[in-house]
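Structure at a glance
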Amino acid sequence: MDDRDPPRLSTLLGQLESGTTARDDDNGDRPALVLAWGVQDATSRRVFLTRASALSLAIPGLGAALAACSDGANGGRVDSARATSEGPAAGAAPEPPQGIHNSDSRLDSAVVKGEHHVGTSATGSATQGAASAQFHRYAPELPPLATGTQRLHWHARETPIRIDATTVVAAWTFEGDVPGPIVHTRVGDTVEFTLTNDADIPHSMDFHAAQIDPKTAFRSVAKGQSVSFTFKPKWAGAFMYHCGTAPVLMHIGSGMYGAIIVSPREPLPTAKEFVIVQSEFYLSDAANGVRAFDYQKMLTTLPDFVSFNGRPDQYIKEPIHVKLGDRVRFWLVNAGPTHPCNFHVVGEQFDTVYLGAPPATAMRGVQTWDVPPGGGMCFELLCDVAGEFPFVNHGFGHGQKGAIGILIVDG
Ligand SMILES: [Cu+2]
(Lines give C-alpha, C1' and ligand atoms only; values in the text may rest on other atoms or scores of the structure.)
Protein backbone atom coordinates (compact mmCIF):
# COMPACT_ATOMS: atom_id res chain seq x y z
CA MET A 1 0.00 0.00 0.00
CA ASP A 2 1.22 3.51 -0.66
CA ASP A 3 0.19 6.69 1.12
CA ARG A 4 -1.32 8.52 -1.82
CA ASP A 5 -4.89 9.71 -1.57
CA PRO A 6 -7.28 7.50 -3.48
CA PRO A 7 -8.82 9.08 -6.57
CA ARG A 8 -12.04 10.83 -5.79
CA LEU A 9 -15.25 10.47 -7.73
CA SER A 10 -15.22 14.16 -8.55
CA THR A 11 -11.83 13.64 -10.23
CA LEU A 12 -13.17 10.67 -12.16
CA LEU A 13 -16.19 12.67 -13.21
CA GLY A 14 -13.93 15.45 -14.40
CA GLN A 15 -11.97 13.01 -16.48
CA LEU A 16 -15.16 11.66 -17.97
CA GLU A 17 -16.32 15.15 -18.83
CA SER A 18 -13.02 15.65 -20.61
CA GLY A 19 -13.62 12.42 -22.43
CA THR A 20 -17.02 13.65 -23.53
CA THR A 21 -15.42 16.72 -25.01
CA ALA A 22 -12.89 14.57 -26.79
CA ARG A 23 -15.62 12.43 -28.25
CA ASP A 24 -17.44 15.47 -29.54
CA ASP A 25 -14.27 16.81 -31.06
CA ASP A 26 -13.74 13.46 -32.70
CA ASN A 27 -16.78 14.09 -34.84
CA GLY A 28 -15.68 17.45 -36.01
CA ASP A 29 -13.93 16.37 -39.15
CA ARG A 30 -16.46 13.82 -40.30
CA PRO A 31 -18.31 14.32 -43.55
CA ALA A 32 -21.42 16.41 -43.42
CA LEU A 33 -24.62 14.63 -42.50
CA VAL A 34 -26.81 13.36 -45.30
CA LEU A 35 -30.36 13.08 -44.02
CA ALA A 36 -31.23 10.44 -46.57
CA TRP A 37 -34.64 9.44 -45.30
CA GLY A 38 -35.25 12.87 -43.83
CA VAL A 39 -35.23 14.53 -47.24
CA GLN A 40 -36.78 11.73 -49.25
CA ASP A 41 -40.25 12.32 -50.53
CA ALA A 42 -42.94 9.76 -49.95
CA THR A 43 -42.53 8.25 -53.39
CA SER A 44 -38.82 7.49 -53.05
CA ARG A 45 -39.39 6.09 -49.57
CA ARG A 46 -42.01 3.73 -50.96
CA VAL A 47 -39.61 2.72 -53.71
CA PHE A 48 -36.98 1.88 -51.11
CA LEU A 49 -39.38 -0.14 -49.01
CA THR A 50 -40.66 -1.98 -52.05
CA ARG A 51 -37.14 -2.90 -53.10
CA ALA A 52 -36.26 -3.99 -49.57
CA SER A 53 -39.36 -6.13 -49.34
CA ALA A 54 -38.70 -7.69 -52.72
CA LEU A 55 -35.23 -8.68 -51.63
CA SER A 56 -36.62 -10.18 -48.44
CA LEU A 57 -39.21 -12.19 -50.31
CA ALA A 58 -36.56 -13.47 -52.68
CA ILE A 59 -35.32 -15.93 -50.06
CA PRO A 60 -37.88 -18.72 -49.95
CA GLY A 61 -37.98 -21.19 -47.10
CA LEU A 62 -36.11 -18.99 -44.70
CA GLY A 63 -38.72 -19.28 -41.97
CA ALA A 64 -38.49 -23.06 -42.05
CA ALA A 65 -34.72 -22.90 -41.91
CA LEU A 66 -34.89 -20.69 -38.87
CA ALA A 67 -37.35 -23.01 -37.17
CA ALA A 68 -34.99 -25.91 -37.81
CA CYS A 69 -32.14 -23.99 -36.24
CA SER A 70 -34.31 -23.27 -33.24
CA ASP A 71 -35.14 -26.95 -32.85
CA GLY A 72 -31.52 -27.91 -32.83
CA ALA A 73 -30.41 -25.25 -30.43
CA ASN A 74 -33.11 -25.65 -27.85
CA GLY A 75 -33.99 -29.28 -27.91
CA GLY A 76 -37.64 -28.72 -28.61
CA ARG A 77 -39.75 -25.65 -28.95
CA VAL A 78 -43.26 -24.46 -28.31
CA ASP A 79 -45.49 -25.16 -31.25
CA SER A 80 -46.06 -21.79 -32.81
CA ALA A 81 -49.69 -22.41 -33.71
CA ARG A 82 -50.44 -23.47 -30.16
CA ALA A 83 -48.42 -20.66 -28.67
CA THR A 84 -50.17 -18.01 -30.71
CA SER A 85 -53.62 -19.40 -30.00
CA GLU A 86 -53.35 -19.22 -26.23
CA GLY A 87 -54.16 -15.56 -25.85
CA PRO A 88 -57.20 -13.67 -27.07
CA ALA A 89 -54.94 -11.29 -28.96
CA ALA A 90 -53.42 -14.11 -30.97
CA GLY A 91 -56.66 -15.09 -32.63
CA ALA A 92 -57.09 -11.56 -33.89
CA ALA A 93 -53.64 -11.38 -35.41
CA PRO A 94 -53.97 -10.39 -39.07
CA GLU A 95 -52.14 -11.98 -41.95
CA PRO A 96 -48.84 -10.32 -42.81
CA PRO A 97 -49.59 -7.39 -45.08
CA GLN A 98 -48.38 -7.69 -48.65
CA GLY A 99 -44.96 -6.27 -49.30
CA ILE A 100 -43.77 -6.39 -45.69
CA HIS A 101 -41.93 -9.46 -44.54
CA ASN A 102 -40.39 -10.74 -41.40
CA SER A 103 -36.68 -10.11 -41.29
CA ASP A 104 -33.66 -11.48 -39.54
CA SER A 105 -29.93 -11.13 -39.81
CA ARG A 106 -29.70 -13.00 -43.09
CA LEU A 107 -32.42 -10.92 -44.66
CA ASP A 108 -30.68 -7.90 -43.22
CA SER A 109 -27.53 -8.89 -45.07
CA ALA A 110 -29.46 -9.43 -48.29
CA VAL A 111 -31.06 -6.02 -48.06
CA VAL A 112 -27.84 -4.30 -47.18
CA LYS A 113 -26.09 -5.79 -50.18
CA GLY A 114 -28.81 -4.46 -52.44
CA GLU A 115 -29.48 -1.15 -50.78
CA HIS A 116 -26.59 1.07 -49.82
CA HIS A 117 -28.57 4.25 -49.44
CA VAL A 118 -29.94 3.60 -45.97
CA GLY A 119 -29.28 6.88 -44.24
CA THR A 120 -30.08 8.09 -40.78
CA SER A 121 -32.80 7.88 -38.19
CA ALA A 122 -33.96 11.46 -38.88
CA THR A 123 -37.34 10.26 -40.06
CA GLY A 124 -40.87 11.45 -39.35
CA SER A 125 -41.24 12.84 -35.87
CA ALA A 126 -37.81 11.72 -34.65
CA THR A 127 -36.48 15.26 -34.85
CA GLN A 128 -39.56 17.23 -33.88
CA GLY A 129 -39.50 19.04 -30.55
CA ALA A 130 -35.86 18.25 -29.90
CA ALA A 131 -35.15 21.56 -28.18
CA SER A 132 -37.66 20.75 -25.45
CA ALA A 133 -36.52 17.14 -24.94
CA GLN A 134 -35.76 16.73 -21.23
CA PHE A 135 -33.11 14.45 -19.78
CA HIS A 136 -34.29 11.78 -17.41
CA ARG A 137 -32.27 9.14 -15.66
CA TYR A 138 -33.32 5.68 -16.80
CA ALA A 139 -34.40 3.83 -13.64
CA PRO A 140 -32.27 0.67 -13.40
CA GLU A 141 -34.35 -1.09 -10.74
CA LEU A 142 -35.97 -4.37 -11.80
CA PRO A 143 -39.75 -3.79 -11.76
CA PRO A 144 -41.84 -6.05 -9.50
CA LEU A 145 -42.70 -9.43 -10.95
CA ALA A 146 -45.98 -9.45 -12.82
CA THR A 147 -47.34 -12.88 -11.97
CA GLY A 148 -49.84 -14.60 -14.20
CA THR A 149 -50.70 -13.36 -17.67
CA GLN A 150 -49.04 -10.09 -18.59
CA ARG A 151 -50.68 -8.05 -21.33
CA LEU A 152 -48.50 -5.49 -23.06
CA HIS A 153 -49.66 -3.12 -25.78
CA TRP A 154 -46.73 -1.03 -26.95
CA HIS A 155 -46.26 1.55 -29.65
CA ALA A 156 -43.32 2.04 -31.97
CA ARG A 157 -42.56 5.75 -31.98
CA GLU A 158 -39.98 8.05 -33.51
CA THR A 159 -39.03 10.73 -31.01
CA PRO A 160 -36.08 12.87 -29.95
CA ILE A 161 -34.39 11.77 -26.70
CA ARG A 162 -31.88 13.72 -24.67
CA ILE A 163 -29.08 11.36 -23.62
CA ASP A 164 -26.94 13.97 -21.85
CA ALA A 165 -26.73 17.72 -21.29
CA THR A 166 -25.56 18.45 -24.82
CA THR A 167 -26.86 15.58 -26.96
CA VAL A 168 -30.34 14.91 -28.31
CA VAL A 169 -30.72 11.93 -30.61
CA ALA A 170 -33.37 11.20 -33.22
CA ALA A 171 -34.51 7.87 -31.84
CA TRP A 172 -36.71 5.06 -33.05
CA THR A 173 -38.27 3.65 -29.91
CA PHE A 174 -40.58 1.27 -28.18
CA GLU A 175 -42.87 3.37 -25.98
CA GLY A 176 -40.89 6.55 -26.47
CA ASP A 177 -37.70 5.64 -24.61
CA VAL A 178 -34.30 4.05 -25.18
CA PRO A 179 -34.08 1.35 -24.01
CA GLY A 180 -37.75 0.46 -24.11
CA PRO A 181 -39.58 -0.56 -20.93
CA ILE A 182 -38.17 -3.35 -18.77
CA VAL A 183 -40.43 -6.41 -18.82
CA HIS A 184 -40.34 -8.73 -15.80
CA THR A 185 -42.02 -12.07 -16.06
CA ARG A 186 -41.43 -15.63 -14.90
CA VAL A 187 -40.76 -18.98 -16.51
CA GLY A 188 -44.05 -20.46 -17.72
CA ASP A 189 -46.10 -17.29 -17.29
CA THR A 190 -47.92 -15.92 -20.32
CA VAL A 191 -47.00 -12.72 -22.10
CA GLU A 192 -49.61 -11.36 -24.50
CA PHE A 193 -47.95 -8.75 -26.63
CA THR A 194 -49.23 -6.27 -29.19
CA LEU A 195 -47.14 -3.76 -31.09
CA THR A 196 -48.86 -0.87 -32.87
CA ASN A 197 -46.69 1.08 -35.25
CA ASP A 198 -47.14 4.85 -34.94
CA ALA A 199 -44.02 5.55 -37.01
CA ASP A 200 -43.62 6.32 -40.69
CA ILE A 201 -41.56 3.24 -41.57
CA PRO A 202 -42.25 -0.43 -40.77
CA HIS A 203 -41.20 -1.84 -37.41
CA SER A 204 -41.52 -5.15 -35.57
CA MET A 205 -40.76 -6.90 -32.29
CA ASP A 206 -38.44 -9.83 -31.63
CA PHE A 207 -38.41 -11.16 -28.06
CA HIS A 208 -35.41 -13.39 -27.41
CA ALA A 209 -37.36 -14.83 -24.46
CA ALA A 210 -39.95 -16.31 -26.85
CA GLN A 211 -39.87 -19.54 -28.80
CA ILE A 212 -42.26 -18.82 -31.61
CA ASP A 213 -42.38 -18.79 -35.41
CA PRO A 214 -40.65 -15.52 -36.22
CA LYS A 215 -42.07 -15.30 -39.72
CA THR A 216 -45.50 -14.70 -38.21
CA ALA A 217 -44.89 -13.23 -34.77
CA PHE A 218 -41.90 -11.03 -35.53
CA ARG A 219 -43.17 -9.70 -38.83
CA SER A 220 -43.00 -6.02 -39.66
CA VAL A 221 -46.08 -3.82 -39.61
CA ALA A 222 -46.65 -0.56 -41.44
CA LYS A 223 -47.79 2.69 -39.90
CA GLY A 224 -51.13 2.35 -38.18
CA GLN A 225 -51.03 -1.45 -38.15
CA SER A 226 -50.54 -3.86 -35.26
CA VAL A 227 -49.08 -7.30 -34.69
CA SER A 228 -49.98 -9.52 -31.74
CA PHE A 229 -48.50 -12.71 -30.38
CA THR A 230 -48.39 -14.71 -27.18
CA PHE A 231 -45.55 -16.63 -25.61
CA LYS A 232 -44.49 -18.39 -22.42
CA PRO A 233 -40.79 -18.06 -21.56
CA LYS A 234 -39.20 -21.45 -21.19
CA TRP A 235 -35.91 -20.35 -19.66
CA ALA A 236 -34.98 -17.90 -16.94
CA GLY A 237 -32.51 -15.17 -17.70
CA ALA A 238 -31.90 -11.68 -19.04
CA PHE A 239 -33.12 -11.52 -22.62
CA MET A 240 -32.94 -8.88 -25.27
CA TYR A 241 -35.87 -7.67 -27.28
CA HIS A 242 -35.52 -5.59 -30.41
CA CYS A 243 -37.05 -4.49 -33.66
CA GLY A 244 -36.15 -7.03 -36.32
CA THR A 245 -37.12 -5.05 -39.40
CA ALA A 246 -34.49 -4.90 -42.09
CA PRO A 247 -31.88 -3.64 -41.92
CA VAL A 248 -31.81 -4.94 -38.34
CA LEU A 249 -28.58 -3.07 -37.69
CA MET A 250 -30.32 0.22 -38.43
CA HIS A 251 -33.33 -0.50 -36.25
CA ILE A 252 -31.38 -1.77 -33.25
CA GLY A 253 -28.77 0.90 -33.79
CA SER A 254 -31.44 3.61 -33.73
CA GLY A 255 -32.82 2.68 -30.33
CA MET A 256 -35.33 -0.15 -30.75
CA TYR A 257 -34.25 -2.54 -28.02
CA GLY A 258 -34.69 -3.38 -24.37
CA ALA A 259 -34.67 -6.12 -21.73
CA ILE A 260 -37.14 -8.78 -20.70
CA ILE A 261 -36.14 -10.42 -17.43
CA VAL A 262 -37.45 -13.92 -16.84
CA SER A 263 -37.22 -15.00 -13.23
CA PRO A 264 -37.10 -18.72 -12.39
CA ARG A 265 -40.13 -20.37 -10.79
CA GLU A 266 -38.12 -20.95 -7.60
CA PRO A 267 -37.10 -17.51 -6.35
CA LEU A 268 -33.43 -16.63 -6.31
CA PRO A 269 -31.87 -15.39 -3.06
CA THR A 270 -33.20 -12.04 -1.91
CA ALA A 271 -31.28 -9.24 -3.58
CA LYS A 272 -31.42 -5.66 -4.80
CA GLU A 273 -31.98 -6.27 -8.49
CA PHE A 274 -30.95 -3.97 -11.32
CA VAL A 275 -31.21 -4.14 -15.09
CA ILE A 276 -28.40 -2.84 -17.27
CA VAL A 277 -28.74 -2.67 -21.04
CA GLN A 278 -25.53 -1.84 -22.86
CA SER A 279 -25.78 -0.28 -26.30
CA GLU A 280 -23.73 1.67 -28.79
CA PHE A 281 -24.51 5.05 -30.34
CA TYR A 282 -23.32 5.88 -33.84
CA LEU A 283 -24.33 9.47 -34.43
CA SER A 284 -24.22 11.98 -37.22
CA ASP A 285 -23.22 15.57 -36.63
CA ALA A 286 -25.94 17.76 -35.16
CA ALA A 287 -28.54 19.25 -37.46
CA ASN A 288 -31.07 21.61 -35.88
CA GLY A 289 -29.94 20.47 -32.46
CA VAL A 290 -30.41 16.76 -33.11
CA ARG A 291 -27.93 14.02 -33.84
CA ALA A 292 -29.41 11.22 -35.91
CA PHE A 293 -28.25 7.62 -35.80
CA ASP A 294 -26.01 7.05 -38.80
CA TYR A 295 -26.19 3.72 -40.63
CA GLN A 296 -22.88 4.03 -42.43
CA LYS A 297 -21.20 4.81 -39.12
CA MET A 298 -22.81 1.71 -37.60
CA LEU A 299 -21.06 -0.32 -40.28
CA THR A 300 -17.71 1.10 -39.21
CA THR A 301 -18.38 -0.26 -35.68
CA LEU A 302 -16.63 2.71 -34.05
CA PRO A 303 -19.31 4.18 -31.76
CA ASP A 304 -19.45 7.73 -30.42
CA PHE A 305 -20.92 6.53 -27.15
CA VAL A 306 -21.41 3.22 -25.39
CA SER A 307 -24.03 3.47 -22.69
CA PHE A 308 -25.68 1.65 -19.84
CA ASN A 309 -29.44 2.12 -20.20
CA GLY A 310 -29.26 4.62 -23.01
CA ARG A 311 -27.36 7.52 -21.44
CA PRO A 312 -23.57 7.57 -21.31
CA ASP A 313 -22.17 8.00 -17.79
CA GLN A 314 -25.62 8.49 -16.23
CA TYR A 315 -24.84 6.33 -13.20
CA ILE A 316 -21.61 8.21 -12.63
CA LYS A 317 -23.60 11.40 -12.27
CA GLU A 318 -26.43 9.73 -10.33
CA PRO A 319 -25.06 6.48 -8.86
CA ILE A 320 -26.94 3.38 -7.78
CA HIS A 321 -27.19 3.06 -3.97
CA VAL A 322 -27.41 -0.10 -1.88
CA LYS A 323 -26.69 -0.88 1.76
CA LEU A 324 -23.86 -2.76 3.40
CA GLY A 325 -24.74 -6.44 3.49
CA ASP A 326 -27.06 -6.29 0.48
CA ARG A 327 -26.81 -8.89 -2.23
CA VAL A 328 -26.88 -7.14 -5.59
CA ARG A 329 -28.06 -8.83 -8.76
CA PHE A 330 -27.37 -7.26 -12.13
CA TRP A 331 -29.43 -8.56 -15.03
CA LEU A 332 -27.29 -7.46 -17.93
CA VAL A 333 -28.46 -7.38 -21.53
CA ASN A 334 -26.15 -6.39 -24.32
CA ALA A 335 -28.19 -4.84 -27.12
CA GLY A 336 -25.07 -4.13 -29.14
CA PRO A 337 -25.56 -3.88 -32.00
CA THR A 338 -21.94 -5.01 -32.40
CA HIS A 339 -19.63 -4.98 -29.37
CA PRO A 340 -19.44 -7.21 -26.27
CA CYS A 341 -19.86 -6.03 -22.71
CA ASN A 342 -17.02 -7.21 -20.47
CA PHE A 343 -18.76 -6.63 -17.16
CA HIS A 344 -16.67 -5.91 -14.09
CA VAL A 345 -17.12 -4.17 -10.74
CA VAL A 346 -13.98 -2.35 -9.61
CA GLY A 347 -13.04 -3.35 -6.05
CA GLU A 348 -15.50 -6.22 -5.95
CA GLN A 349 -15.90 -9.72 -7.29
CA PHE A 350 -18.99 -11.55 -8.47
CA ASP A 351 -19.59 -14.43 -6.09
CA THR A 352 -21.99 -15.85 -8.70
CA VAL A 353 -22.36 -15.51 -12.45
CA TYR A 354 -25.01 -17.67 -14.03
CA LEU A 355 -23.68 -18.98 -17.29
CA GLY A 356 -27.12 -20.05 -18.47
CA ALA A 357 -30.55 -19.90 -16.93
CA PRO A 358 -30.34 -19.19 -13.19
CA PRO A 359 -30.08 -20.87 -10.76
CA ALA A 360 -28.26 -23.57 -12.76
CA THR A 361 -24.70 -23.35 -14.11
CA ALA A 362 -23.49 -20.91 -11.51
CA MET A 363 -19.85 -19.90 -11.72
CA ARG A 364 -18.22 -18.74 -8.50
CA GLY A 365 -15.67 -16.05 -7.95
CA VAL A 366 -15.63 -14.21 -11.25
CA GLN A 367 -13.85 -10.92 -11.85
CA THR A 368 -15.06 -10.15 -15.40
CA TRP A 369 -17.36 -11.89 -17.83
CA ASP A 370 -18.37 -10.88 -21.29
CA VAL A 371 -21.91 -10.72 -22.60
CA PRO A 372 -22.16 -10.88 -26.38
CA PRO A 373 -24.37 -8.57 -28.44
CA GLY A 374 -27.81 -10.11 -28.44
CA GLY A 375 -27.08 -11.89 -25.16
CA GLY A 376 -27.87 -11.50 -21.50
CA MET A 377 -26.51 -12.78 -18.20
CA CYS A 378 -27.09 -12.57 -14.48
CA PHE A 379 -24.33 -11.31 -12.15
CA GLU A 380 -24.42 -11.33 -8.34
CA LEU A 381 -22.20 -9.89 -5.65
CA LEU A 382 -22.48 -9.61 -1.90
CA CYS A 383 -21.82 -6.05 -0.82
CA ASP A 384 -19.93 -6.74 2.41
CA VAL A 385 -17.56 -3.82 1.97
CA ALA A 386 -18.75 -0.21 2.09
CA GLY A 387 -17.52 2.17 -0.57
CA GLU A 388 -17.95 3.43 -4.10
CA PHE A 389 -17.53 0.73 -6.73
CA PRO A 390 -17.42 1.57 -10.43
CA PHE A 391 -19.18 -1.00 -12.60
CA VAL A 392 -17.75 -0.95 -16.08
CA ASN A 393 -17.34 -2.49 -19.45
CA HIS A 394 -13.73 -3.47 -18.86
CA GLY A 395 -13.15 -3.22 -22.57
CA PHE A 396 -12.14 0.30 -21.72
CA GLY A 397 -12.43 1.67 -25.20
CA HIS A 398 -16.14 1.22 -24.50
CA GLY A 399 -16.06 2.05 -20.80
CA GLN A 400 -14.44 5.36 -21.60
CA LYS A 401 -17.24 6.13 -24.04
CA GLY A 402 -19.90 5.91 -21.35
CA ALA A 403 -20.37 2.26 -20.34
CA ILE A 404 -19.59 2.95 -16.71
CA GLY A 405 -21.47 3.68 -13.50
CA ILE A 406 -20.99 3.79 -9.74
CA LEU A 407 -22.48 1.40 -7.20
CA ILE A 408 -22.37 3.05 -3.78
CA VAL A 409 -22.53 0.69 -0.82
CA ASP A 410 -23.65 2.80 2.12
CA GLY A 411 -22.25 1.62 5.43
CU1 LIG B 1 -37.81 -0.84 -36.23
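Quick caveat, the model's predicted, so the values are computed rather than measured.

The next thing to look at is the overall build of the protein chain. Within the protein chain one finds 12 helices and 20 strands. Considering only contacts within the protein chain whose residues lie at least 6 apart along the sequence, 80% involve residues at least 24 apart.

On to the confidence of the model for the protein chain. For the protein chain, per-residue confidence averages 79 on the pLDDT scale, and residues scoring 70 or more make up 71% of the total. In this model, residues 1–117 is a region of pLDDT below 50 whose contacts with residues beyond four sequence positions or in other chains number 141 contacts.

As a further point, take the sheet that holds strand β5 (residues 206–207). Here we have 4 strands laid out as an open sheet, ordered β3-β8-β7-β5, and mixed in their pairing. The open sheet has two edge strands, β3 (183–186) and β5, and neither has a second partner. Across 4 bridges, the pairing between β3 and strand β8 (residues 257–263) is parallel. If you follow T185 over to β8, its bridge partner there is V262.

This next bit is on unusual backbone geometry. Residue P247 is bonded to the preceding A246 through a cis peptide linkage, with omega at -10 degrees. Looking at the secondary structure, you find P247 in the loop between β7 (237–242) and α9 (248–253). In this structure, the amide linkage connecting P358 to the following residue, P359, adopts the cis form with an omega of 10 degrees. Residue position: P359 is located in the loop between β15 (350–354) and β16 (362–366). Of note in the backbone geometry, N288 takes a positive phi value of approximately 55 degrees without being a glycine. Note on placement: N288 falls in the loop between β9 (272–281) and β10 (291–292). At D313, a residue that is not glycine, the phi angle is positive and equals roughly 65 degrees. You can see D313 is positioned in the loop between β11 (305–308) and α11 (314–317). Among the residues examined, D313 registers 25 C-beta atoms within 10 Å and is labelled buried.

Whether parallel or antiparallel, the strands of a sheet pair through hydrogen bonds between backbone atoms. Strand order in the open sheet formed by 5 strands is β6-β4-β1-β2-β10, with mixed pairing between adjacent strands. Each end of this open sheet is capped by a strand with a single partner; those strands are β6 (226–231) and β10. When strand β4 (residues 191–197) meets β6, the two strands line up antiparallel, connected through 6 bridges. Considered in β6, the bridge of T194 is made with S228.

Once that is clear, we can look at the nonpolar core. Among the nonpolar cores identified, the biggest contains 92 residues, and V169, A259, I261 and L332 are the most heavily contacted of them. No fewer than three residues from each of domain 1 (9–31 + 303–410) and domain 2 (36–268) sit in this core. With residues near it in sequence (within four places) discarded, A259 still touches P179, I182, A238, M240, V275, V277, W331, V333 and G376.

With that out of the way, let us pick up the environment of F274. Inspection of the secondary structure assignment puts F274 in strand β9. Judged by the 24 C-beta atoms lying within 10 Å of it, F274 is buried. A sequence separation of 46 residues divides F274 from I320, and the C-alpha atoms of the two residues are 9.1 Å apart. Excluding residues within four positions of it along the chain, F274 makes contact with P140, E141, L142, I320 and F330.

Turning our eyes to something else, we now look at the pairing of β16. Counted residue by residue, β16 has 0 buried out of 5 residues, so it is predominantly exposed. With 4 bridges connecting them, β15 and β16 associate as antiparallel partners. Note that in β16 the partner of V353 across the bridge is M363.

Another aspect to go through is the environment of L332. Its place among the elements puts L332 in strand β13 (residues 327–336). By the C-beta count within 10 Å, which is 24 here, L332 ends up buried. Between the alpha carbons of L332 and C378 there is a distance of 6.2 Å; along the sequence they are 46 residues apart. Here L332 is in contact with A238, I276, C341, F343, V371, G376, M377 and F379, once residues within four sequence places are set aside.

What counts, and where the lines are drawn
Residues numbered from 1 in each chain as written. Predicted model: local features only at pLDDT ≥ 70, side-chain atom pairs only at ≥ 80, totals over all residues. Helix = DSSP H or I, 4+ residues; strand = E, 2+ residues; numbered from the N terminus. Contact = placed C-beta atoms within 7 Å. pLDDT = per-residue confidence, 0-100. Pairing = 2+ DSSP bridges. Buried ≥ 20, exposed ≤ 12 C-beta atoms within 10 Å, placed from the backbone. Core = buried A, V, L, I, M, F, W, Y, C linked by C-beta atoms within 7 Å. Domains from an automatic or database assignment.

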